[in-house]
Amino acid sequence: MSTQTRSASVVPLRGFVPSLEGMRAVACIGIVVTHVAFQTGGATSPILGHVWGRFDLTVAIFFSLSGFLLWRPHAAAARGHGTAQPLGRYFRSRFARILPGYWVGVVLILLFLPDAGGDYRVWLANLSFTQVFVPLTLTQGLTQMWSLSVEIAFYLLLPVFAWLMVRLRGAAAARRIPVILGAAVLTLSWAFVPVSTPDGIHHDNWLPGYFPWFAAGMLLAEISVGPTTWVHRLARRRRVMASIAVAAFALSATPLAGPQGLVRPAAWQFEIKILLGAILAFAMLAPLILAEDGSRHRFLEHPVMLTLGRWSYGLFIWHLAVLAVVFPVFGIIPFSGGMWFVLPVTLALSIPVAAASYALVEDPARRRFGPRKKAVRASVSP
C-alpha cells in the first residue's frame, strides 16, 4: 500500500478507537487511587507511598487523549483528508459534553457537601473554571477540578493553535510535528518563568505548564494521519512501549519528580514530572492509536471497561465528594490508614453516581445541545 493510500485511509478506519475508551476508565481509576491514597495517608508510606502518589500522572493520559482527539481533524485536514469542525460546531460539542454534568456536580456539591460551600468567589470560580486563578477556591469535593480548568483553557486555545499552523498544509504538513514538538519543549521552561501571582496561586498550574501532556496527543494525531514511520513500527512493539511507560512512571516516583503530598516541587522537579508524564502518556496511547495489525485489546475493549469509560467523566466529577462522605459514614479518621477498605468502597459508591450522571445529565444534554449532525463517535475528554 502506498504512503498516500495509507494516510488517506487512516481517518475513516480509525474514527472510533474502542481501546481509548477503556484507557479513559483506567486513567480515571488511577485518579481515584491517588486521591484515596492521599486522604487515607497511604501516600505517606515509605516505599509504596511514592507509587500511589504518582498515580496523579494519569491526568497526563486525559490531557493527551484530548490533544489527540481534538487535534486529529486538523492534522487530517492539513493532509487533504476532510475538514475540521466549524468553530461553532466545535464549541457547541465541547459545551454539551463538559458543562451540564460539571455544573450539576458543582452546584449539588457546594450546596450539600459539608465544608464545601463558600462565599460568592468560590461559587463563581468553580462555575467558571477559574479555580486556578482565584485564591482559596479549590474547595472540598472539588479540588480535582484544577485539571478541568486547564482542559477548558486548551479547548479555548485549540482553534488559535490551528490558525497559527494553517499554512502548514499539503507538502508543508511535515513541518507540523517539529512545530508542536518545539512548542512542547519550549513550555518545559514555564515553571522557571517569574510570574507574579496572589498567595496560594501557582502559575505552573496553568495551561502552559501542562501543554507537553496535550502535545503528546497532538503529536500522535499528526503521526496517525501521516506516512508510516519508525514511530509506527515502535508502537507495534507493545512490550517495548510498556517498558518505556513503566520506566517513566518509576522515575516519577523518585525525588526527581518532586516530593510527596501537597508540598510544591522545585521548578526543575515540576518540569521533570511533566516530561515523564508526557513520555508515559505517549507510550501508553501510541500502541492503541498507531497499531495497524488489527489486533484487539481484550482488557481495554471489554464491555465493562467500555462502560466505565463512558461513565468516567461522572466518576471524575463525583468521586471526591463520595470520598468525603465515606470517612464519617464508616467512622474513619482521614490520614489514619484504611486505604484498602476506603478505595473499593469509594469506587463502589462512585460508579453508580457516575452512571446516574451519565444517564440523567450528560447523555441527555449531549443529545439536546450537541451538534445536530451526527458525528463520528469518539472518546471524549475527562
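An unreviewed UniProt entry annotates the chain as Acyltransferase of Rhodococcus cerastii.

## As for unusual backbone geometry
Positive phi, normally seen in glycine, also occurs at F129, with a value near 60°. Secondary-structure assignment places F129 in the loop between α6 (120–127) and α7 (146–164). For F129, a relative accessible area of 7% gives the class buried. Here the phi dihedral of L136 falls at roughly 60°; this positive angle occurs in a residue that is not glycine.

## Focus: the pattern of salt bridges
All chains considered together, the criterion is met by 9 salt bridges. The partner of E362 in a salt bridge is R97, with the nearest N and O atoms 3.4 Å apart. A residue pair is termed long-range when its members are at least 10 positions apart, and E362 in helix α14 (residues 339–369) and R97 in helix α5 (residues 87–112) qualify at 265 residues. The exposure classification of E362 matches that of R97, with both residues buried. A salt bridge links R176 to E222; the shortest N-O distance between them is 2.9 Å. You can see R176 sitting in helix α8 (residues 176–187) and its partner E222 sitting in helix α9 (residues 207–224), a full 46 residues away along the chain. What you see here is one network of salt bridges that share partners, running through R54, D56 and K273.

## Structural notes on the packing of α9 against helix α12 (residues 267–290)
Direction vectors running N to C along α9 and α12 enclose 25°, while the axes themselves pass 9 Å from each other. If you check the angle between α9 and α12, you find them roughly parallel. Regarding α9 and α12, the two cross each other, and that crossing is right-handed. Residues G209, Y210, P212, W213, A216, L219, L220, I223 and S224 of α9 lie in contact with α12, whose contacting residues are F270, K273, I274, G277, A278, F282, L285, A286, I289 and L290. Of the residues contributing to the contact of α9 with α12, the split by class is 15 nonpolar, 3 polar and 1 charged.

## Description of a nonpolar patch on the surface
Together, L87, F91, L156, L157, V160, W163, L164 and V166 give the surface a local cluster of nonpolar side chains, amounting to about 780 Å² of exposed area. Broken down by secondary-structure element, the contributors of at least two residues to the nonpolar patch are α5 and α7. No other element matches α7, which puts 5 residues into the nonpolar patch. In this structure, V166 sits in the loop between α7 and α8.

## Considerations on helix α4 (residues 58–78)
Spanning 21 residues, α4 covers 30 Å between terminal C-alpha atoms, matching the ideal 30 Å at 1.5 Å per step. If you look at α4, its biggest bend is around 45°, right at W71, and the proline P73 turns up within four residues after that. Burial runs high along α4: 20 of the 21 residues are buried. Positive phi shows up at G80, right after α4, with a value of about 85°.

## With respect to the confidence of the model for the chain
With 92% of its residues at a pLDDT of 70 or more, the chain shows a mean pLDDT of 91. Predicted confidence is poor over residues 1–13, with pLDDT under 50, and the contacts of this stretch with residues over four places away or in other chains come to 20 contacts.

About the criteria used
- Numbering of residues begins from 1 in every chain and follows the order in which that chain's sequence is written.
- pLDDT decides what is reported in this predicted model: residues at 70 or higher carry local features, side-chain atom pairs at 80 or more are listed and counted, and totals for whole chains, interfaces and linings draw on all residues regardless.
- Just so you know, side-chain values use all the structure's heavy atoms and leave hydrogens and water out.
- Numbering of helices and strands runs from the N terminus, with a helix taken as a DSSP run of H or I at least four residues long and a strand as a DSSP run of E at least two residues long.
- Between buried and exposed lies partly exposed: a residue is buried under 20% and exposed over 50% of the maximum accessible area for its type, with that area taken using a 1.4 Å probe on protein chains only.
- What counts as a salt bridge is simple: a side-chain nitrogen of Lys or Arg found within 4 Å of a carboxyl oxygen of Asp or Glu.
- Axis geometry follows a simple rule: fit a line to the C-alpha atoms, using only the stretch in contact for helices, then measure angles between N-to-C directions, giving values from 0 to 180 degrees.
- Orientation labels follow simple angle bins: below 35 degrees gives roughly parallel, above 145 gives roughly antiparallel, 65 to 115 gives roughly perpendicular, and whatever is left gives oblique.
- For a crossing to be left-handed, the near helix must be turned anticlockwise from the far one by less than a right angle; the clockwise case is right-handed.
- Two residues form a contact once any of their heavy atoms are found within 4.5 Å.
- Polarity classes work like this: nonpolar for Ala, Val, Leu, Ile, Met, Phe, Trp, Tyr, Cys and Pro, charged for Asp, Glu, Lys and Arg, and polar for all others, with Gly in that last group.
- Every patch collects residues that have over 30% relative accessible area and no salt bridge, joining them within 9 Å if they carry like charges and within 5 Å if they are nonpolar side chains (Val, Leu, Ile, Met, Phe, Trp, Tyr).
- Each accessible area is a Shrake-Rupley estimate made with a 1.4 Å probe; only the visible protein chains count as cover when residues are assessed.
- The span you would expect from a helix comes to 1.5 Å times its residue count less one.
- Two axes define the bend at a residue: one fitted to the seven residues ending there, one fitted to the seven starting there, and the bend is the angle between them.
- Confidence per residue, as judged by the predictor, is encoded in pLDDT with a range of 0 to 100.

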